[in-house]
Amino acid sequence: MSGEPSMLEARHVCFSYNRPIVRDVSFSLMPGTITGIIGPNGSGKTTILRLLDGIIAPLSGEVVLRGNTPLSSLKRKEIARHIAMVPQNGGSYFYQTVFQFAIQGRSPHLSLMGFESMRDEEIAREVLEMTQLSHYLDARVSELSGGEKQRLLLARALAQQTEILLLDEFTANLDINYQVELMRLVRRITREKRLATLVVSHEINILGTFCDRVILMSQGVIRHQGSVQEVMTKEHLKQLFGLDFTVRPLPGGRMEVLPTIQ
Amino acid sequence: MNRLSRTKILGASVSLLGLWIIVALLSLNIGSVRVPVGTSLRLVGDFLAGENPAGDPLAAVLFSVRLPRVLLGSLVGAALATAGAAFQSLLRNPLADPYVLGVSTGASTGTILYSLIAGWMGFGIFGGGAIFARPLAAFTGAVLTMTAVYLFAGRSSHHSESSQRLLLAGIVLASFLSSINVFLLTSMNQADLRGIFYWLMGDLSRPVDPSIIPVTGLVFLGAFLLYLFSHSLNLISMGENDALILGIEVRRVRNWVYVLASLITGAVVSVSGPIAYIGLICPHLCRMMFGSDNRILFPTVFIFGAVFTLLADTLARTVLSPAELPVGIVTAVCGAPLFIYLLHRKRGNQ
C-alpha cells in the first residue's frame, strides 16, 4: 500500500448477535480504488457494510474515517456527509418521481427546516445525468426497470457528495449486460471522483473484473486480502466455496474466474 | 421537476386560511339565533378596537357562545389532524390516527382519573385544579397508552405485519379503556350523565375553562416542533434503513414524534373528549390536494383540520336543532367508511 491516507479503515472490528458474526476484521479503503468483498452467504458481508456506515457499532475495535476520526464520535448526519451507501433492499418509494428520489440524497446537507436550495436541485440533476436518468426526471420510480432502479439508488448516493461509497449486492438479480453496464459506471465514477468504493457481491467474476483489491471472507473472518491476482487463486476460492475454479489472468491485473462444474 | 418550494407551501396555507375564515364566519352565523355575518364582523372589529359592545344581545351570543366554540373546534381539529399525519408517517400506515391507536381514549382515561382525584380532593369535576394539571394528566394517559400499544404489538421483522399488529393492539386497547372510562364515570356521584356521555363521544359544547390557555400553547408549540421533523419523517416513511443511510437519527426522531403527537392529542382531548377519525380523514384529504411531502402536509393539515372540524361541529349543532349532537358522531359517520375504503385499497396494493 502506498503512503496515501486511507479514507475509511476498520481496525480489529468484532460484532456478535447471539453468535459472533464479524471477528477481528481489519482493512482500509483507498481513494480512487474499488475494493470487493467476496464470501458465501452468512459470512458477515452485509454486517460489515453496516458497521462501516456506523448503523451498528462494533463490540470491540473501531471504524476510523480519514485516519483519525472514529465513526462513533460523529452524528448520523455527519457520517452521511462522508459515507454513502446503496442498500440491498431499498424501501418503498414507488409513488415518488425520479427527481424527488434523487434529491433526497441532499438530506445530510440540508438546514433545520429541511428545504433544498437551487444548488441542491442542480446537484440532483447532475447525478441523474451521470447515471443516464435525465430523461426520466418526472417519471415515477415504480415505472423504472430493475437496472434503472439500481442506477437511481446510485444517483441518490452520489447526490450525498461523499468520498466513500458502499454498495451492497449492487448487481443482484440483473442480467449480465446490466451488471457489466452498472459496474462500468461505478468504475468510471470511482476514478473520476477519486471515491473509495466498496462492493459486496455474489458475482465473483464481476468482482474479479472490476475490483482493484478484494477481500475473501468466511464465517466472519477475513481469509485473504490484497490485489485481485494475489487473492483470487484456485486454492483460495476452493477453500472458500468448496468448488473447483478456472482462473485466467486478464490484462490490467484482473482475473477471469469461473467455477468448474462437472 | 418538483422541488418543493416555500412559495407553494405558503400559497396552500394562505388559501386554506381564507377557507377557514369563510367557514368560521358561516359557523358564527348559523344557529338558533342567527348572527348576520356583517354584524359578526362589526362586533369583532369593535372588540378588537377596544370598544365594549355590552348590551347588544347578539354580542352576548357571539362572544360567550359562538366565538369560543368556533375557536375551540378549530384548535381541537388542528391538533388531532396534525397528530394523525404524524402517526401515519411514523408508523408507515395510512390507517394510523390518534383515535384508532387508542391514544385519544387513553388521554380521556387520564382526564377522568384526574377529575376523580380532583373531585376527592375537593376541586370541581371538570374544572378547577391547577390549569396545567388536567392537560398534563391527559398527556400522561396518551403516552402510556401509546407505549402499551407498542409493547402489546411486539416487534416483527416484517414491516407490514408489525404495522397491522400495532393497529389491532390500538383498537383492542381503545375498547378496553372505553369500558374503564364508562365504569369510572358511572361510579361517580355526578348528575350530568348526558354531559359525560357527550364528552366521551367527543363534544365541543362544554364551556371552556382557563385550562384552554396552556392547551392552546401546547398545541401550537407541539405542531411547530413536529413541523421541524417533517423532512426526517419523509425519509423514515420510506424505510428505516434508508433514513439511517441518509443521516437521520431514526430513534431520536421517532421518540420525539411519539411524544409530541401524544402531547397535542392529550392536550385537546382533555378539553373536547376523544373525537373520532379527524386524524384519519384530514391528512388523507390534504395528501390528495397537496401531495404526500410532510413539509407541505403538516402546515396544511393543521389548518384543514380546523376547517373540517368546524364544518362537522356546525353540522352537529344544527342538524337536529334545537337539540345538539356530539361532534364525534358526525366525524365518525364520515370517518368509518373512509377507514374501510383505505383498508380495502391497502389490501389491493399488497
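Thresholds applied
- Residues numbered from 1 in each chain as written.
- Chains lettered and ligands numbered in written order.
- Predicted model: local features only at pLDDT ≥ 70, side-chain atom pairs only at ≥ 80, totals over all residues.
- Helix = DSSP H or I, 4+ residues; strand = E, 2+ residues; numbered from the N terminus.
- Rg over C-alpha atoms; globule rule 2.2 N^0.38 Å.
- Contact = placed C-beta atoms within 7 Å.
- Buried ≥ 20, exposed ≤ 12 C-beta atoms within 10 Å, placed from the backbone.
- Core = buried A, V, L, I, M, F, W, Y, C linked by C-beta atoms within 7 Å.
- Pairing = 2+ DSSP bridges.
- Axes fitted to C-alpha atoms, helices over the stretch in contact; angles between N-to-C directions.
- pLDDT = per-residue confidence, 0-100.
- Parallel < 35°, antiparallel > 145°, perpendicular 65-115°, else oblique.
- Nonpolar A, V, L, I, M, F, W, Y, C, P; charged D, E, K, R; others polar.
- Expected span 1.5 Å × (residues − 1).
- Left-handed = near helix turned anticlockwise from the far one by under 90°.

(A) Focus on the overall build of chain B. A tally of regular secondary structure across chain B gives 14 helices and zero strands. Going from N to C terminus, chain B has its helices and strands arranged as α-α-α-α-α-α-α-α-α-α-α-α-α-α. At 20 Å, chain B has a C-alpha radius of gyration in line with the 20 Å of a compact globule built from 350 residues. C-alpha atoms of chain B, sized along the principal axes, occupy 65 × 55 × 35 Å. Considering only intrachain contacts with a sequence separation of at least 6, the fraction spanning at least 24 residues in chain B is 78%.

(B) Quick look at the overall build of chain A. Broken down by element type, chain A carries nine helices and 12 strands. Radius of gyration (C-alpha) of chain A: 18 Å, near the 18 Å computed for a compact globule of 262 residues. Projected onto its principal axes, the C-alpha positions of chain A cover 55 × 40 × 40 Å. Out of the 262 residues in chain A, the part that is buried amounts to 45%.

(C) Focus on the nonpolar core. Residues A:A102, B:A79, B:V219, B:I264, B:A267 and B:V268 are the most contacted members of the largest nonpolar core, which totals 173 residues. Top contributing element to this core by residue count: helix 3 (residues 57-91) of chain B, with 15 residues. In this structure, B:I112, B:L185, B:I196 and B:Y198 belong to the second largest nonpolar core, which totals five residues.

(D) Main features of the sheet that holds strand 4 (residues 60-65) of chain A. Residue and element names in this part refer to chain A. Read from one edge to the other, the open sheet built from four strands follows the order 2-1-4-5, with strand pairing classed as antiparallel. Every interior strand has two partners, whereas the edge strands, strand 2 (19-29) and strand 5 (69-70), have only one. By the bridge criterion, two bridges tie strand 4 to strand 5 in an arrangement that is antiparallel. When the sheet's bridge partners are listed, L65 is paired in strand 5 with T69.

(E) Geometry of the environment of A:E235. Residues and elements named next belong to chain A. Along the polypeptide, E235 turns up in helix 9 (residues 234-241). Accessibility expressed as a C-beta count within 10 Å gives 10 for E235, which makes it exposed. The sequence separation of E235 and F245 amounts to 10 residues, and the corresponding C-alpha distance is 8.6 Å.

(F) Quick look at the sheet that holds strand 8 (residues 196-200) of chain A. Residue and element names in this part refer to chain A. If you trace the six strands from one edge of the open sheet to the other, you get 6-7-8-3-9-10, paired in mixed fashion. Only two strands of the sheet have a single partner each, and these edge strands are strand 6 (83-86) and strand 10 (221-227). Going across the sheet, the axis of each strand differs from the next one's by a mean of 15 degrees, ignoring polarity. Note that strand 9 (residues 213-218) and strand 10 share six bridges and pair antiparallel. When the bridges of strand 10 are listed, L216 appears paired with H224. Strands in contact with helix 1 (residues 45-52) are strand 3 (33-38), strand 6, strand 7 (164-168), strand 8 and strand 9; relative to strand 7, the strand with the most contacts, it is inclined by about 155 degrees. Lying over the sheet, helix 5 (residues 146-159) contacts strand 6 and strand 7, oriented at roughly 170 degrees with respect to strand 6.

(G) Seen up close, the confidence of the model for chain B. Chain-level statistics for chain B give a pLDDT mean of 85 and a share of 91% at 70 or above. Model confidence for the complex is summarised by a pTM of 0.88, with the ipTM given as 0.91.

(H) View of the interface of chain B and chain A. Contacts between the two partners involve 20 residues from chain B and, on the opposite side, 28 residues from chain A. Mapped by element, the contributors of at least two residues to the side of chain B that touches chain A are helix 9 (230-236) and helix 10 (240-245) of chain B. The element best represented in the side of chain B that touches chain A is helix 10 of chain B, accounting for four residues.

(I) A look at the packing of helix 3 of chain B against helix 12 (residues 278-290) of chain B. Residue and element names in this part refer to chain B. Axis separation between helix 3 and helix 12 bottoms out at 7 Å; the angle between their running directions is 75 degrees. Considering their axes alone, helix 3 and helix 12 lie roughly perpendicular with respect to each other. Between helix 3 and helix 12, the residues in contact are G77, L80, A81, A83, G84, A85, F87 and Q88 and I278, G279, L280, C282 and P283, respectively. Residue classes in the contact of helix 3 with helix 12 are distributed as nine nonpolar, four polar and no charged.

(J) The arrangement of helix 1 (residues 6-29) of chain B in detail. All names here are of chain B. Compared with the 34 Å implied by 1.5 Å per residue over 24 residues, the 35 Å span of helix 1 between its first and last C-alpha is a close match. Within helix 1 the residues assigned to the buried category are A12, L16, W20, V23, A24, S27 and L28. The secondary structure elements touched by the buried residues of helix 1 are helix 2 (37-48), helix 3, helix 12 and helix 13 (294-318). Just beyond helix 1, the residue with positive phi is G31, at close to 155 degrees.

(K) The packing of helix 8 (residues 212-228) of chain B against helix 11 (residues 250-272) of chain B, seen in detail. Residues and elements named next belong to chain B. Between helix 8 and helix 11, the shortest axis-to-axis distance is 9 Å and the interhelical angle comes to 155 degrees. Comparing the axis directions of helix 8 and helix 11 gives the class roughly antiparallel. Our pair here, helix 8 against helix 11, has a crossing hand that is left-handed. Along its contact with helix 8, which presents I212, V215, L218, V219, G222, A223, L225 and L226, the element helix 11 presents V257, L260, A261, L263, I264, A267, V268, S270 and V271. Along the lines of polarity and charge, the residues of the contact of helix 8 with helix 11 split into 15 nonpolar, two polar and no charged.

(L) Layout of unusual backbone geometry. Residues and elements named next belong to chain A. A positive phi angle, close to 50 degrees, is found at Q161, a residue other than glycine. Residue position: Q161 is located in the loop between helix 5 and strand 7. With phi around 45 degrees, E169 is a residue other than glycine that occupies positive phi space. For E169, the location among the structural elements is in the loop between strand 7 and helix 6 (176-193).

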